[in-house]
Amino acid sequence: MGNTSSMLTQYDIEEVQEHCNNTFSQQEIVSLYQRFCQLDRNSGGFISADEFLSVPEFAVNPLAQRLFRMIDGLNFKEFVAFLSAFSSRATLQHKVEYIFKVYDSDGNGKVAFSDLLDVLRDLTGQFISEQQRELVLTQVLEEAGYKKDSILVLSDFMKILGNSDLKMEVEVPVD
Amino acid sequence: MCYVVNNRPLSHHLNVKMSKLTTSSSELDLDRPNIEDYLPSDSIQQPHTKLRLRDLLDISPTLTEAAGAIVDDSFTRCFKSNPPEPWNWNIYLFPLWCLGVVVRYGILFPLRVLVLTLGWIIFLSCYIPVHVLLKGHDKLRKRLERVLVELICSFFVASWTGVVKYHGPRPCARPKQVFVANHTSMIDFIVLEQMTAFAVIMQKHPGWVGLLQSTILESVGCIWFNRSEAKDREIVARKLREHVEGTDNNPLLIFPEGTCVNNHYTVMFKKGAFELGATVCPIAIKYNKIFVDAFWNSRKQSFTTHLLQLMTSWAVVCDVWYLEPQNMKPGETAIEFAERVRGIISARAGLKMVPWDGYLKYSRPSPKHRESKQQSFAESVLRRLEEK
C-alpha cells in the first residue's frame, strides 16, 4: 500500500480486512484510513509519537505511554489490527488477549507481580503510595487464590476476566 | 485474613491516606473549569462492591477511552477544514461549474484585484500625508487615521464581495471595556474593523502582514505578542490593562481562543481578557459555508494563499452579532466568566463548545488532567477495599 496516494483501492481494503480478521466492515476501514491520514500529518506512512500525543484526549490517558509503545511506528494495516480489539465484532477472547498484551510489556507471555504493579502505578499515579499499591495487589491476589510471586499467563486472565461483561467497544464514525 | 502493619490494621493506614487525597483535590480544582462536565464520563463508573483481582485487571474502561481518542477526538475536529461536497460530478453540472470557474478566475478576480489596488492607492495617498503632516495635531490625526483604516478594510471586504450582516448596537469607544470574538481567520479582524476601528491584540506575523502590522495597525494602537515567549504573558497583560484604562484609546478587540478554529466549534477562552476589571462585550461571527469556507487552516495555507482563495470564490457571507455587554458577577472567577461569555457567543453563532485549550495545537496538555483521572481511580480502589 503506497503512502504517497491517499486513495484506497478495493484490493487494499480487502487485504486490511483479512489482516484484522473481518472485525471491521469495509466502510469502517475507509473511515479509519481517513483518520490515519489526518493523524499522519507529515505523510510518513506511519503515525509518530508526536502525532499521537498531539491528540489531547489520548495524551491525558493514564495508559497512553504503555499503549504508545505498542502503536509506535505502525503502518495502516497494523493500525487497524491494533484497533480491532475494540470492534463490536471482536470476540471476548480477543479482547482479553489484548488486555494481556498491555500488561505483558516484554511480550514473553508471562505477567508477573511487577507488571501488575506497573499498570496500577500508571492508573493511580501519586495518589497511592508504592507500599499501599503492593499491599492492595497482594491482598486481592491472595483472595483470588494466587500468591504474590505467582506468574499469570493468558489462561489465568481468561479465567479471571473471561466470564464477565467486558465492555471494550469503540464506534468508528462512518459518514 | 487481616493485614497488620506496624501493629495497626491495614485499613487504618489507608484511611489516613484518604484524608490527604481530599485536600489535594481542592487544590487541583481551583484554577480550571470542570473538564469532566464535557468529557464522556460514562466509562469510568466505579461500583461500590468489594475490590477483587478482576477489578484491578480490568483496564478496559481506560483502554476504551484511549482507543476512542485515537479513532475520533473533539480537539482535532475543531481544526478540520471540511471541503464542501463536489456538486459538479455529472455531465450537466460540470460545464456549469467550468463556466463558474471561468467567471470567477477570469472576470471576478481581476475586477477584485483592481478594486483592491484602487483602494490601496486611495488609502496610501491619504494616509501618508496625514501621518506625516499632522504629526503635531494628534487628535485630528488619530481621527483621520481611524477613518482611513476603516476605509481600507471596506476595500478588502469588497475585494471578496463580502456580504456582512451586522446585528446589534454598534460598538462605541468607552473606557473600561473590551470586545471579545470567536476566531476563524485573520479576516475576522478585517470584517470587524470595517465597522469600527478597533485596537487589536495579535500574534506578530512574518512577511507583508508583519509589515502592515508594524506600520498601519500601529496607528490604531495594536498590541503584539509572541506565542513562544513565556515571559511575554506578563508584559502583554500589563499592556492590556494600560490600554483599557486609558481614556483616549480605540476600543480593544481580543480573540480569546488564541488560535483560528473552524467555525463549527469554540475552544476554551484564555482568561487574560476577563481579568482586566473591564466590561466584556461579546461579538459572535458566523460564516456561511455555502459560499466559501472562511476557516484559515494556518497549518495548511499561508495567509496569502488564503486571501487568494477568498478572492476567487463567489462571496464571503457572514453574520456578525454584537451581544449584550457582560460584567463579572460577584464571586465569579475569571475562568468562569470566560466560559460564561464563550457560552453566550457559541449559542448565538451555533457553535459547539469543546473543553480544550487552543494552544494544545502547539504544546502538550498539562499533567493535571491525567492526574485527576488517576486520583478518582485511586480513591475508588481505596474505598472499595474497605467494603465488606
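Look above for the structure.
Everything quoted here is computed from the prediction, not taken from an experiment.

Cut-offs applied
Residues numbered from 1 in each chain as written. Chains lettered and ligands numbered in written order. Predicted model: local features only at pLDDT ≥ 70, side-chain atom pairs only at ≥ 80, totals over all residues. Heavy atoms only, no water. Helix = DSSP H or I, 4+ residues; strand = E, 2+ residues; numbered from the N terminus. Buried < 20%, exposed > 50% of the residue type's maximum accessible area, 1.4 Å probe, protein only. Areas by Shrake-Rupley, 256 points an atom, 1.4 Å probe, with all protein chains shown as cover. Lys, Arg positive; Asp, Glu negative; His and termini not counted. Charge placed at Lys NZ, Arg CZ, Asp CG, Glu CD. Pairing = 2+ DSSP bridges. Axes fitted to C-alpha atoms, helices over the stretch in contact; angles between N-to-C directions. Salt bridge = Lys/Arg side-chain N within 4 Å of Asp/Glu carboxyl O. 1 Å grid on protein atoms, 1.4 Å probe; cavity = no way out; pocket = protein on both sides within 12 Å on 5 of 7 lines; lining within 4 Å. Points joined across faces, edges and corners; volume = space filled by probe spheres on them. Nonpolar A, V, L, I, M, F, W, Y, C, P; charged D, E, K, R; others polar.

1. Topic: the overall build of chain A
Part 1 of the reasoning: When helices and strands are tallied, chain A shows 10 helices and 0 strands.
Part 2 of the reasoning: In chain A, the succession of α and β elements from N to C terminus is α-α-α-α-α-α-α-α-α-α.
Part 3 of the reasoning: With the principal axes as the frame, chain A shows a C-alpha extent of 55 × 30 × 30 Å.
Part 4 of the reasoning: A burial count over chain A gives 51% of its 175 residues as buried.
Part 5 of the reasoning: Taken as a whole, chain A presents about 8300 Å² of accessible surface, with 47% of it coming from carbon and sulfur.
Part 6 of the reasoning: Here chain A carries 15 positive and 27 negative side-chain charges, and the mean point of each set is 5 Å from the other.

2. Digging into the sheet that holds strand β10 (residues 316-322) of chain B
Residue and element names in this part refer to chain B.
Part 1 of the reasoning: Taken in spatial order, the 7 strands make up an open sheet running β3-β10-β9-β4-β7-β5-β6, and their pairing is mixed. Each edge of the open sheet is held by one strand with a lone partner, namely β3 (162-167) and β6 (223-225). On average, adjacent strands in this sheet sit at an angle of 25° to one another, irrespective of strand direction.
Part 2 of the reasoning: Two strands pair when backbone bridges link them, and β3 and β10 are joined in this way by 6 bridges, in the parallel orientation. If you follow V164 over to β10, its bridge partner there is C318.

3. Some remarks on the pattern of salt bridges
A side chain with one charge can pair with a side chain of the opposite charge if their charged atoms come near.
All names here are of chain A.
Part 1 of the reasoning: For the coordinates displayed, the defined rule picks out 22 salt bridges over all chains.
Part 2 of the reasoning: Note that D122 is salt-bridged to R66, the shortest N-O span being 3.4 Å. Separated by 56 residues along the polypeptide, D122 in helix α8 (residues 113-124) and R66 in helix α5 (residues 64-71) bring together distant segments of the chain.
Part 3 of the reasoning: On the accessibility criterion, D122 (24% relative accessible area) is partly exposed.

4. Observations regarding empty space enclosed by the protein
Part 1 of the reasoning: All chains considered together, the criterion is met by 3 cavities of 30 Å³ or more.
Part 2 of the reasoning: In terms of lining, the largest cavity is formed by 17 residues, of which the most central are F156(B), F189(B), I190(B), L212(B) and L217(B).
Part 3 of the reasoning: Taken together, the elements giving at least two residues each to the lining of the largest cavity come down to α5 (93-133), α6 (138-159), α7 (187-193) and α8 (207-220) of chain B.
Part 4 of the reasoning: At 6 residues, the largest contribution of residues to the lining of the largest cavity is made by α8(B).
Part 5 of the reasoning: A breakdown of the residues in the lining of the largest cavity according to their chemical character gives 16 nonpolar, 1 polar and no charged.
Part 6 of the reasoning: The space that makes up the second largest cavity amounts to roughly 60 Å³.
Part 7 of the reasoning: In terms of lining residues, the second largest cavity is bounded by Y103(A), L116(A), V119(A), L120(A), L123(A), L137(A), L53(B), L56(B) and L57(B).
Part 8 of the reasoning: Of all elements in the fold, only α8 of chain A together with α2 (53-57) of chain B reach the threshold of two or more residues within the lining of the second largest cavity.
Part 9 of the reasoning: Ranked by residues supplied to the lining of the second largest cavity, first place goes to α8(A) with 4 residues.
Part 10 of the reasoning: Residues of the lining of the second largest cavity, tallied by class, amount to 9 nonpolar, no polar and no charged.

Treat this as a map of the structure, not an account of what it does.
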